[in-house]
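Below, each chain spelled out in residue letters.
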Amino acid sequence: MKILAIETSCDETAIAIVDAEGDEKSARFRVLGDALLSQVEIHKAYGGVFPALAKREHAKNIVPLLEAALEEAELLREDAQALSGKTRAAVVALLAREPGLEEQFLEFVGECEPPAIDAIAVTEGPGLEPALWVGINFAKALGLAWNKPLVAVDHMEGHIFAALAREAPAEGHLLQEEGALLQIGDAEMPVLALLVSGGHTELVLMKEWLRYELVGRTRDDAVGEAFDKVARMLGLPYPGGPEISKLAEAARAAGQASPFTLPRPMLDSPSCDFSFAGLKTAVLYLLKERTGVGGAEKRHIAHEFENAVADVLWKKTARALAETGARTLVIGGGVSANAHLRRVFTEKMKEEYPDAALHIPAPALTTDNAVMIALAGYYRALRKDYARDIIARGNRALAERR
Ligand code: KG4
Ligand code: ZN
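Note that this is a predicted model, so its numbers are computed, not measured.

## A short note on the site of ligand 1
Link 1 in the chain: Around ligand 1 sit 19 residues, and of these Gly 198, Asp 228, Gly 241, Gly 334 and Asn 338 come closest.
Link 2 in the chain: A distance of 2.7 Å separates an oxygen atom of ligand 1 from a polar atom in the side chain of Asp 228.
Link 3 in the chain: Between ligand 1 and the protein, one listed contact pairs an oxygen atom with a backbone N or O atom of Gly 334 at 2.9 Å.
Link 4 in the chain: Within the complex, 89% of the 550 Å² of free accessible area of ligand 1 lies under protein.
Link 5 in the chain: Here ligand 1 occupies the largest pocket.

What follows is the structure in structure tokens.
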């Protein structure tokens, strides 16, 4: 089954085409096309993602990205296509709110054959609603023009599937030319997922495929948000996670212990909930106490901040593993790219939960992309969980998805 997937929840516009086969227990995926455009450079000037700009950029770039993905997948067949008057009117109505998209869309679908795909998966949330709507309306318009069913995927669910996917053993020499081969197959239930991104920090339990229960969540800031805010206080550009990580790794490489101590909020509280606002504020006070913070001090602060984050994330995850008896731990979301976090979790799992499996996404799949939406979309399509209507769900937590 070929899935075309669309991701526009934040500041990456992405379209992927994945050929999937197998059942839930053993699925294999070949990435046929993967087109992604990051808006990070545009948002840097604002120190964070500016929603109206994100929406405009998605609308501007999504058709060229679709074309690139189809071309890479060798699914682009040029041919004059006339949409029926009814379909055309429906498409125009759908795209009315996405400036500039309607014309590009009509021109593109008017010039190519409907491609040989079986379903269109799209991120319905969480994320920035104006941004999500671009992808959703685009998916609906494509579904109408090409007569393909739609699948609604939760962005955080996408991060879970990205982490569960492993690179499949290579078979034959053509593989490199034909795109990455991934497989999902050895996930023993229940699966506990630690989801750490710019907008979310939660522990979610999956006892069966696509069913989620909330185990813990942040009571204030998300981890990625804390990284981004602390980075900004240190005068580092957006997104702050990779910048803090660079400084912290430099301090570790120099073998220096940090002279600073930051709090570990809620570390010993009897729940699996997190809090990061206090940690962020502690950095703010620390900076207020001194005038002119130099490079060495910044590295020490970044180092201690990362240590504090990793301590809290591990302790709460360990509590959740003990409470739920999970057999598999997954870390997903942009912050799972963090080198220190990856090391801490790998070591601690070996020491304290040697019988449970740890899945961390391949570096290329940690930040937002559309391949992860295709993977989760396939699992939904396998269940024939096709969407009749899709609306943007900017704030919905994964465990609230039915
Ligand atoms: O999942 P993601 O790409 O987008 C959202 O869905 O939010 O996550 C983005 C977040 C940002 O806050 C960014 O600073 C953080 O992930 N991030 C990192 C690293 N790479 C990205 N945080 C810490 N260390 C990193 N290496
Ligand atoms: Zn994300």
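Past the structure itself, the notes keep going.
## Quick notes on helix 8 (residues 223-233)
Link 1 in the chain: For helix 8, the full list of buried residues reads Val 223, Gly 224, Ala 226, Phe 227, Val 230 and Ala 231. Buried residues of helix 8, viewed axially, fall in a sector of 160 degrees; they line one side.
Link 2 in the chain: Taken together, the buried residues of helix 8 touch strand 8 (191-196), strand 9 (201-206), helix 9 (240-253), helix 10 (277-288) and helix 11 (295-324).

## Considering the pairing of strand 8
Each regular strand carries side chains that alternate between the two faces of the sheet.
Link 1 in the chain: Within strand 8, six of the six residues are buried, which leaves the element mostly enclosed by the surrounding structure.
Link 2 in the chain: Burial along strand 8 is two-sided: the face carrying Val 191, Ala 193 and Leu 195 and the face carrying Leu 192, Leu 194 and Val 196 are both buried.
Link 3 in the chain: Pairing of strand 8 with strand 9 involves six bridges; the strand directions are antiparallel. Residue Leu 195 lies in a different strand from strand 9, and its bridge partner there is Glu 202.
Link 4 in the chain: Once strand 8 ends, the chain turns through four residues before running back antiparallel as strand 9.
Link 5 in the chain: With five bridges joining them, strand 8 and strand 11 (residues 328-332) adopt parallel strand pairing. Paired with Leu 195 across the bridge in strand 11 is Gly 332.

## What to know about the packing of aromatic side chains
Each aromatic ring pair is summarised here by two numbers: the centre-to-centre distance and the angle between the ring planes.
Link 1 in the chain: Counted according to the given criterion, the structure contains 11 aromatic pairs.
Link 2 in the chain: A centroid spacing of 5.1 Å and a plane angle of 85 degrees characterise the contact between Phe 227 and Phe 305, whose relative ring orientation is edge-to-face. Pair noted here: Phe 227 is in helix 8 and Phe 305 is in helix 11, with a separation of 78 residues, a long-range link.
Link 3 in the chain: A residue is classified by how much of its surface remains accessible, and Phe 227, at 3% relative accessible area, is buried.
Link 4 in the chain: On the numbers, 6.0 Å between centres and 20 degrees between planes, the contact of Phe 274 with Phe 276 is stacked.
Link 5 in the chain: Residue class for Phe 274 comes out buried when judged on its relative accessible area of 0%.
Link 6 in the chain: Under the relative-accessibility criterion, Phe 276 is labelled buried at 0%.
Link 7 in the chain: Ring pairs connect the aromatic residues Phe 29, Phe 161, Trp 209, Tyr 378 and Tyr 379, which therefore count as one cluster.

## Quick word on helix 6 (residues 155-164)
Link 1 in the chain: Burial of helix 6 is extensive: 10 of the 10 residues sit out of reach of the surface.
Link 2 in the chain: Where helix 6 begins, the side chain of Asp 154 points an oxygen toward the backbone nitrogen of Met 156, at a separation of 2.8 Å.

## A short note on the side chain of Asp 368
Link 1 in the chain: Mapped onto the elements, Asp 368 comes out in the loop between strand 12 (357-359) and helix 13 (371-382).
Link 2 in the chain: For the buried Asp 368, which has no salt bridge, the nearest side chain bearing the opposite charge is Arg 342, at an N-O separation of 13 Å.
Link 3 in the chain: Within the structure, Asp 368 has its side chain in polar contact with the side chain of His 155 (distance 3.0 Å).
Link 4 in the chain: A polar contact is formed between the side chain of Asp 368 and the side chain of His 159, at a distance of 3.1 Å.
Link 5 in the chain: The residues contacting Asp 368, other than those within four sequence positions of it, are Glu 7, Ser 9, Cys 10, Glu 12, Leu 36, His 155 and His 159.

## Focus on the sheet that holds strand 11
Link 1 in the chain: In space, the five strands of this open sheet follow the order 10-9-8-11-12, with mixed pairing throughout. Whereas interior strands pair on both sides, the edge strands pair on one side only; in this sheet they are strand 10 (213-217) and strand 12. When strand polarity is set aside, the average angle formed by the axes of neighbouring strands in this sheet is 20 degrees.
Link 2 in the chain: Strand contacts of helix 11: strand 8, strand 9, strand 10 and strand 11, with the helix running at about 160 degrees to strand 8, the strand carrying the most contacts.

Criteria and cut-off values
- The residue numbering used here restarts from 1 in each chain and proceeds along that chain's sequence as written.
- Here the convention is simple: chains get letters from A, ligands get numbers from 1, in the order in which they are written.
- Predicted model: local features are reported for residues with pLDDT of at least 70 only, side-chain atom pairs are reported and counted for 80 or more only, and whole-chain, interface and lining totals are derived from all residues.
- Hydrogens and water are ignored here; the side-chain numbers use all heavy atoms of the structure.
- One heavy atom within 4 Å of a molecule or strand makes the whole residue count as near it.
- Throughout this description, a polar contact denotes any pair of N or O atoms lying within 3.5 Å of each other; where both atoms belong to protein, one of them has to be capable of donating a hydrogen while the other can accept it, and for residues adjacent in sequence the pair is counted only when both atoms sit in side chains.
- Residue exposure ignores everything except the shown protein chains as possible cover, and the areas themselves are Shrake-Rupley values with a 1.4 Å probe.
- Using a grid of 1 Å spacing that covers the protein atoms alone, one calls a set of points a cavity when a 1.4 Å probe fits there but cannot get out, and a pocket when the set is open and has protein on both sides within 12 Å along at least five of seven lines; lining residues are those with an atom within 4 Å of a point.
- Pocket or cavity membership: a molecule qualifies when more than half of its atoms sit within 2 Å of the grid points of that site.
- Partly exposed residues are those whose accessible area sits between 20% and 50% of the maximum for their type, while under 20% is buried and over 50% is exposed, using a 1.4 Å probe and protein chains only.
- Runs of E in the DSSP output that reach at least two residues are strands. Runs of H or I that reach at least four are helices, and both are numbered from the N terminus.
- The directions from the helix axis to the C-beta atoms form the arc being described.
- Two residues form a contact once any of their heavy atoms are found within 4.5 Å.
- Two strands pair under a simple rule: DSSP has to find at least two bridges between them.
- For Phe, Tyr and Trp, where Trp contributes only its six-membered ring, two rings pair if their centres lie within 6.5 Å, and the inter-plane angle classes them as stacked under 30 degrees, edge-to-face over 60, or tilted in between.
- A positive count includes Lys and Arg, and a negative count includes Asp and Glu. His and the chain ends are not counted in either.
- The term salt bridge refers to a side-chain nitrogen of Lys or Arg lying within 4 Å of a carboxyl oxygen of Asp or Glu.
- All axes are obtained by fitting lines to C-alpha atoms, using only the stretch in contact for helices, and the reported angles, taken between N-to-C directions, cover 0 to 180 degrees.

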